Amino acid sequence: MAAAVHVGIPGPEPVPVQGCGVCKALGRQREDARRRLDLSKVSDCNVEIRNHPHGDRA
Ligand SMILES: [Zn+2]
């Protein structure tokens, strides 16, 4: 069990994957949204980070 102490966001957040351009962009958008306390945008970004295909190194 890793207890991550983070700013009032409930639940675990997906971590942007290194080397994935989409993650990089979404990670920046998420930080920006968090700074503006736009939590619905933050969770939007979380969903996208979780669901897109990372980097596609097939
Ligand atoms: Zn990604």
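Residues numbered from 1 in each chain as written. Predicted model: local features only at pLDDT ≥ 70, side-chain atom pairs only at ≥ 80, totals over all residues.

Enquirer: Hey, could you go over unusual backbone geometry for me, with residue numbers and the actual values?
Expert: Phi at leucine 37 takes a positive value of approximately 60 degrees, unusual for a residue other than glycine. Position of leucine 37 relative to the elements: it lies in the loop between α1 (21-35) and α2 (39-51). For leucine 37, a count of 10 C-beta atoms within 10 Å corresponds to the exposed category. (Helix = DSSP H or I, 4+ residues; strand = E, 2+ residues; numbered from the N terminus. Buried ≥ 20, exposed ≤ 12 C-beta atoms within 10 Å, placed from the backbone.)

Enquirer: Please give an account of the environment of histidine 52 that cites residues and values.
Expert: Residue placement: histidine 52 occurs in the segment after α2. Histidine 52 sits 30 residues away from valine 22 along the chain, and the two C-alpha atoms are 8.1 Å apart.

Without other data, these values stay purely geometric and don't point to any function.
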